[in-house]
Amino acid sequence: MFPQPLIPVVARGTEMGGSSVRRATVSARTRLRGTSGTMLLPSMLMFGVIVASSGLLLMIEKGILAEVKPPPLHPSHGELSWRNAGSARAASVPEDVGYQVLQDIRNRTIRTMCGQKNMPHSIWDLSAGQRRTLLKHILVSDKHRFLYCYVPKVACSNWKRILKVLDGVLENVDVKLKMDHKSDLVFLSDMKPEAIRYRLKHYFKFIFVRDPMERLLSAYRNKFGEIKEYQLKYGVEIVKRYRKNPEKTTGDDVTFSEFLRYLLDEEVEKMNEHWMPIYSLCQPCAVRYDFIGSYERLNEDANYVLERVQAPSFIHFPERQSWYKPVTPQTLHYYLCNTPRGLVKELLPKYILDFSLFAYPLPNVTSEFCRQ
């Protein structure tokens, strides 16, 4: 039940070459195709009101937020105080007014957008294919009573490592070994409908999200720059399909523009999980998540979740591996500004719900920005 978006979205500064609110026009080429054959069009007016009011909130609430309670999806001091003060993770979370406002905007947008009658209100409203994708991405901890919808390229390997430690499969999160992403893990898809319903109703549910373009770039650099399996399975075909006069290739020379053209032509529900939109992976309208963490605040938000599920104090969120190459703002700027502007604009509708629901600004590809 992936809606076909033709909606205004918030952009920061002069993003997308115009004012702060600009309509993302869906061309015929980028019309999303769902396997169910049913296309849903969210109310343009409704979403415009949501986004416009969100921008107003961002300006107003920074001055008054200290007088109100933090939004429900954001950790507060009191929520972290159940353990003794000596716990390293139980240290006070710095007050970040801007982030509290972001969470509030995110919560209100999700509630309003998902409240529309044409949006799924439970997993049973989804098509069989959409539900299968969702359930295969929700990991279960019965011992600590939580559900985690993993999103590739948003630190999911570290969360899987934590789950294995919680279940006693690994001694600690720092054990040096190649991560097996399937074994010794329990998925919601392994369970019968009644068991699924019970856990969705009673367990703590969380996901972690990331800037959509940054996530795509991370997947591109990792899979086509380092993983032979992806180079052969996807890279060779991409080069053949989108490069004029392609020479013999092993798939390790795919350009970022060629990768984006490939995504533009792919049906969302048939995408590989590493570049499938977060909305399609975790269905935040069908599942009411108790907490939405941000990759930009990974350690702080991860610590909150560990506290919330009452994980043993010796478990900490793993440090980044020494070989990890982060996507910096400068790196993202370089790739976006060396990609045809029209291609970036055409691709946005496929990821518009990730930008909108999780309050990420559209990428800035204006000439002025790219000259910097």
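Bear in mind that the values here come from a model prediction, so they are computed numbers and not experimental data.

S.K.: Just to check I follow, could you spell out the pattern of salt bridges for this structure?
M.R.: Following the criterion strictly, the structure yields ten salt bridges and no others. The shortest N-O distance in the salt bridge between arginine 210 and glutamate 214 comes to 3.0 Å. Residues arginine 210 and glutamate 214 agree in their burial class; the two are buried. Residue aspartate 253 pairs with arginine 243 through a salt bridge whose shortest N-O separation is 3.0 Å. A residue pair is termed long-range when its members are at least 10 positions apart, and aspartate 253 in the loop between α7 (228-242) and α8 (256-265) and arginine 243 in the loop between α7 and α8 qualify at ten residues.

S.K.: Can you help me understand the nonpolar core in this one?
M.R.: In summary, soluble globular proteins display a tendency toward joint burial of nonpolar side chains. By size, the foremost hydrophobic cluster in this structure holds 96 residues, and its most contacted members are Trp159, Phe259, Leu263 and Trp275. Once residues within four sequence positions are removed from consideration, tryptophan 275 is found in contact with Arg215, Leu216, Ala219, Lys223, Phe224, Tyr230, Tyr234, Phe259, Tyr262, Leu263 and Tyr351.

S.K.: Is there a simple way to explain helix α4 (residues 156-166) in this structure?
M.R.: Within an α-helix, residues lying three or four positions from one another point in the same direction, as the helix has 3.6 residues per turn. Of all eleven residues making up α4, ten are buried, and the element is well covered by its neighbours. Along α4, the residues that are buried comprise Cys156, Asn158, Trp159, Lys160, Arg161, Ile162, Leu163, Lys164, Val165 and Leu166. Buried residues belonging to α4 abut β3 (138-141), β4 (146-149), β5 (204-209) and α10 (298-308). Glycine 168, located one to two residues past α4, shows a positive phi value of around 80 degrees.

S.K.: Got a minute to help me understand unusual backbone geometry in this structure?
M.R.: Note: most residues except glycine have negative phi, and most peptide bonds are trans. One non-glycine residue, aspartate 184, lies in positive phi territory at about 60 degrees. Locating aspartate 184 in the fold gives a position in the loop between α4 and α5 (193-202).

S.K.: Honestly, the environment of arginine 132 in this entry has me stumped. Any pointers?
M.R.: Looking at the element boundaries, arginine 132 is found in helix α3 (residues 128-136). Along the primary structure arginine 132 and leucine 281 are separated by 149 residues, whereas in three dimensions their C-alpha atoms are 9.7 Å apart.

S.K.: Just checking my understanding: could you explain the sheet that holds β5 for this structure?
M.R.: As a general point, the strands of a sheet are linked pairwise by backbone hydrogen bonds and lie either parallel or antiparallel. Pairing within the open sheet is mixed, and its four strands lie in the order β3-β4-β5-β6. Looking along the sheet, the strands with just one partner apiece sit at the ends: β3 and β6 (291-294). Across this sheet, the average inter-strand angle for adjacent strands is 25 degrees, counted without regard to direction. Pairing geometry for β3 and β4, over four bridges, is antiparallel. Looking at β4, one finds that serine 141 is bridged to phenylalanine 146. Across the face of the sheet, α4 comes into contact with β3, β4 and β5 while running at roughly 155 degrees to β4.

S.K.: What is the right way to read the environment of glutamate 300 from this model?
M.R.: Mapped onto the elements of the fold, glutamate 300 is located in helix α10. Under the relative-accessibility criterion, glutamate 300 is labelled partly exposed at 34%. As for glutamate 300 and phenylalanine 317, which are separated by 17 residues in sequence, their C-alpha atoms are 9.6 Å apart.

S.K.: Sorry if this is basic, but what is going on with the pairing of β5 here?
M.R.: Every other side chain in a regular strand lies on the same face of the sheet, so the side chains alternate between the two faces. Counting buried positions along β5 gives six out of six residues, so the element sits mostly inside the fold. Judged by which residues are buried, β5 turns out to be covered on both faces: Phe204, Phe206 and Phe208 on one side and Lys205, Ile207 and Val209 on the other are all buried. As paired strands, β4 and β5 are joined by four bridges and run parallel to one another. Each bridged residue has a counterpart across the sheet, and for leucine 147 the counterpart in β5 is lysine 205. Two elements, β5 and β6, share four bridges in a ladder whose sense is parallel. Residue pairing for β6: valine 209 is matched across the bridge by serine 294.

Procedures and definitions
- Think of each chain on its own: its residues are numbered from 1, step by step along the sequence as written.
- Note on the predicted model: pLDDT of at least 70 is required for a residue's local features to be given, and 80 or more for side-chain atom pairs to be given and counted; whole-chain, interface and lining totals, by contrast, use all residues.
- Hydrogens are left out, water is left out, and the side-chain values use all remaining heavy atoms of the structure.
- What makes a salt bridge here is a side-chain nitrogen of Lys or Arg within 4 Å of a carboxyl oxygen of Asp or Glu, nothing more.
- The cut-offs for exposure are 20% and 50% of the maximum accessible area for each residue type, with area from a 1.4 Å probe on protein chains only; residues under the lower value are buried, those over the upper are exposed, and the others partly exposed.
- The helix and strand labels rest on DSSP assignments: H or I over at least four residues marks a helix, E over at least two residues marks a strand, and numbering proceeds from the N terminus.
- Definition used in this section: a nonpolar core is a set of buried Ala, Val, Leu, Ile, Met, Phe, Trp, Tyr and Cys residues joined via side-chain atoms within 4.5 Å.
- Between two residues, a contact is recorded if the distance between any of their heavy atoms is within 4.5 Å.
- In this scheme, strands are said to pair when DSSP sees at least two bridges between them.
- To obtain an axis, a line is fitted to C-alpha atoms, over the contacting stretch when the element is a helix, and the angle between two such axes runs from 0 to 180 degrees between their N-to-C directions.

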